[in-house]
Amino acid sequence: MSAPLARLRFNDLLREALAALISRPARSILTCLGTVLGVGTLVAILGLTSTAQSQISARFDALAATTVTIDDRHKTHPIFTPEAAQRVTTQINGVKAAGYYWPISGAPQMRARPTDPPVSRVELLASSPGLFNAIGAELASGTFYNDYHDSQQLPVALIGSIAAQRLDLPDMALRPSILINNRPYVVIGLIDQVEKLPELLNAVLIPPGTASARFEPPKTDGANAARMLISTRPGAAQQVALEAPWAISPQDLTQMAVAAPPDPRTLRESVDADLAGLLLTLAAICLFIGAVGIANTTLVAVMERVPEIGLRRSLGASRAHIFAQIVTESSLLGALGGLIGTTLGILAILAVSITQGWTPVLDPALALAAPVIGLLVGTIAGIQPSRQASRIQPTEALRR
Amino acid sequence: MTTPVISLREVSVTYPGPPPVHALVGANVAILPGEYVTVVGPSGSGKSTFLNIVGLLDEPTSGTYELNGSDTSTLTEKERTGLRGHDIGFVFQSFHLLNYRSAVENVELALLYNSTDPSRRTELALSALHQVGLDHRVNSLPNQLSGGERQRVAIARAIVGNPSVVLCDEPTGNLDSRTAKDVLDILRDLHQQGLTIIVITHDPGVAAQGRRTLRITDGHLREESA
């Protein structure tokens, strides 16, 4: 015989589940509290991590990101030469300028006049002409020295604005000289601004050729080692760092220490990765507790609702209908908890961002996915209680 | 010859023990459309088992049960459930109304699982409530209703799906004598409108309402001579 099969429309299922939840508001709210906490923690952690990361990359110094430095670790002869700097500048894509410098050791005495006492707090650096471009140096007056001064080992010098004050250098209009170890150097320019290497403002700079002829060569390591500074176009630093040693001196690769700025991407990823992992574990635990909470209260609710379930069975609800209703209820609770949790998580991100003066950053996909996570948690948590509910015998249930 | 609404042939129900309980032994009965039958017997005699069998809530261990001339023993659980929602209305001693639903919503619940057009549910429920004389309480919650009114809501719920038979399990058991009479009057009215009604009771006063009385003693069902 063809019996009319029991049917339950999806709309009706939703309405029944919602009505059951609304009829016990306090219990419903308590039930989804676990999911609220779990999803909220998840969203807050992911949001705060991405916010902090973007904060770091925003602060990430654009100048530092376009600077590659190479230290000379030579064993026999200095590696940096005018030709090497030339090759780096002209042969590598993405290089804007390159220059090298080293501090001249042996504590040279510097003074502006023969009668002045030597000034000790001013540094003497050998600096290739290309360095001025690489560090974005600007002159208050005069001119930079160039390759000619360098190759001819001419006694010329540039002076930083702070060094000029400390040496009490006469006005540049007077074409002053300074005495270094009692030998005169014509000061042909006064540097008053640099983008990089601000310590240059407190230094006297002479061409490397001049320095090599008159002072000890650069030391092989430590503070007095020669250093090449390469200014690159944005984004090129990583690649330039790979290629520059080959351009400088392919046979001396092991004698150079290259320092590239950290890749912004790896930086972003490494920031707080450990901490975020820990916190995510915490969020997962919260979600698990939320699931257990939903499962537990749903089970208790099922036990309390045995007569109702029996009634529904007597009215023609099949086991599947009972299962569907209970699991829908717990799914809805999970989704509700997920929604509230997402909201709270986003509010937490906003609160932290506002107090820290940060720009809040959150992947919109996460904000959309989080309630779904709550829904899944609710669904999974509801399966066991729903199975139990669907097994309730109407004959037993209606006897109460 | 009219097909009986309910036809039991040698129906036995044994609950596995230990010790096994023979709740119903070789029951034979045919109930015709429009009959008002009362089933009486002391508690533990097998009345509830009879109700469960007739209401398709339980299956006989042996024997055949035909509902509207069709054998129910071959049906799957799902089909029996569908048939239950379609052809049988239940009225319980303790009403079994949902406390957080209004009277009309409680009645509509009976139309939820039996493929009734959703847009007609309210209309049908209101009409059923009208039949039991509760037009003025359709939006009341069960806890705002008296016991008699609650049972009338339950009766409305039992008849709203236009079932073949209404099974009442001690319908007046939780009511005082005055409201019990109201409920019995309604059942009598419904019977006069042609509904098939089976009332299970241990109350002789209630039993006297029926045009035909079946007595169950220790699982044995027999016709009570009028």
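Residues numbered from 1 in each chain as written. Chains lettered and ligands numbered in written order. Predicted model: local features only at pLDDT ≥ 70, side-chain atom pairs only at ≥ 80, totals over all residues. Heavy atoms only, no water.

Considering the overall build of chain A
Just so we agree on the cut-off: Secondary structure is summarised from DSSP: a helix means a run of H or I of at least four residues, a strand means a run of E of at least two, and numbering begins at the N terminus for each. Whether a residue is buried, partly exposed or exposed follows from its accessible area with a 1.4 Å probe, protein chains only, as a fraction of its type maximum: under 20%, in between, or over 50%, in that order. Surface accessibility in these figures is a Shrake-Rupley result with a 1.4 Å probe; residues are shielded only by whichever protein chains are displayed.
Regarding its fold elements, chain A presents 14 helices and 11 strands. Counting the 400 residues in chain A, one finds 48% classified as buried. Surface accessibility of chain A: about 19000 Å² in total, with carbon and sulfur atoms responsible for 61%.

Some details on the pairing of strand 9 (residues 203-206) of chain A
All names here are of chain A. The condition is simple: Any two strands are treated as partners once DSSP identifies two or more bridges connecting them.
Burial of strand 9 is two-sided: the residues Ala-203 and Leu-205 facing one way and the residues Val-204 and Ile-206 facing the other way are all buried. The sheet contact formed by strand 4 (residues 123-127) and strand 9 spans four bridges and is parallel. Looking across to strand 9, one finds that Leu-124 is bridged to Val-204.

Considering the sheet that holds strand 7 (residues 165-169) of chain B
All names here are of chain B. The condition is simple: Working convention: axes come from line fits to C-alpha atoms, limited for helices to the stretch in contact. Angles between N-to-C directions cover 0 to 180 degrees. Contact between two residues is taken to exist if any of their heavy atoms lie within 4.5 Å; hydrogens are not considered.
An order of 6-7-8-3-9-10 is seen for the six strands of this open sheet, with the pairing classed as mixed. Both edges of this open sheet fall to strand 6 (88-91) and strand 10 (220-224), since each of them pairs with a single strand only. Each strand axis lies, on average, 20 degrees off the axis of its neighbour in the sheet, ignoring direction. Where strand 9 (residues 212-217) lies against strand 10, five bridges are found, and the strand directions are antiparallel. Within the sheet, the bridge partner assigned to Arg-215 lies in strand 10 and is Arg-222. The strands touched by helix 2 (residues 77-87) within the sheet are strand 6 and strand 7, with strand 6 carrying the most contacts at an inclination of about 70 degrees. Sitting on the sheet, helix 5 (residues 147-159) is in contact with strand 6 and strand 7, with an inclination near 170 degrees to strand 6.

Remarks on a nonpolar patch on the surface
For clarity, the cut-off: Only residues whose relative accessible area exceeds 30% and that form no salt bridge are eligible for patches; like-charged ones are grouped when within 9 Å, while nonpolar side chains (Val, Leu, Ile, Met, Phe, Trp, Tyr) are grouped when within 5 Å. When a carboxyl oxygen of Asp or Glu lies within 4 Å of a side-chain nitrogen of Lys or Arg, that pair is called a salt bridge.
Together, Leu336(A), Leu339(A), Ile340(A), Leu344(A), Leu347(A), Leu350(A) and Ile354(A) make up an exposed nonpolar region whose accessible area comes to about 630 Å². Along the chain, Leu339(A) turns up in helix 12 (residues 319-356).

A look at empty space enclosed by the protein
Going by this rule: Within this scheme a cavity is a closed region of a 1 Å grid, computed over the protein atoms alone, that accommodates a 1.4 Å probe without allowing it to escape, whereas a pocket is open but has protein on both sides within 12 Å along at least five of seven lines; lining residues each have an atom within 4 Å of a point. Grid points are joined across faces, edges and corners, and a volume is the space filled by probe spheres set on the points. The nonpolar class holds Ala, Val, Leu, Ile, Met, Phe, Trp, Tyr, Cys and Pro. Asp, Glu, Lys and Arg form the charged class, and all remaining residues, Gly among them, are polar.
Inspection of the entire model under this criterion finds two cavities of 30 Å³ or more. Considering only enclosed or pocket space, the largest cavity measures out at about 150 Å³ in volume. Taken together, 15 residues line the largest cavity, and the ones lying closest to its centre are Leu21(A), Ala301(A), Arg305(A), Glu329(A) and Leu333(A). When residues of the lining of the largest cavity are traced back to their parent elements, those giving at least two are helix 1 (10-23), helix 2 (25-59), helix 10 (273-304) and helix 12 of chain A. Of the residues contributing to the lining of the largest cavity, the split by class is six nonpolar, five polar and four charged. In this structure, the second largest cavity spans a volume of roughly 90 Å³. What lines the second largest cavity is a set of 13 residues, and nearest its centre among them are Gly85(B), Ile88(B), Ala110(B), Arg157(B) and Ala158(B). Elements with a minimum of two residues in the lining of the second largest cavity: strand 6 and helix 5 of chain B.

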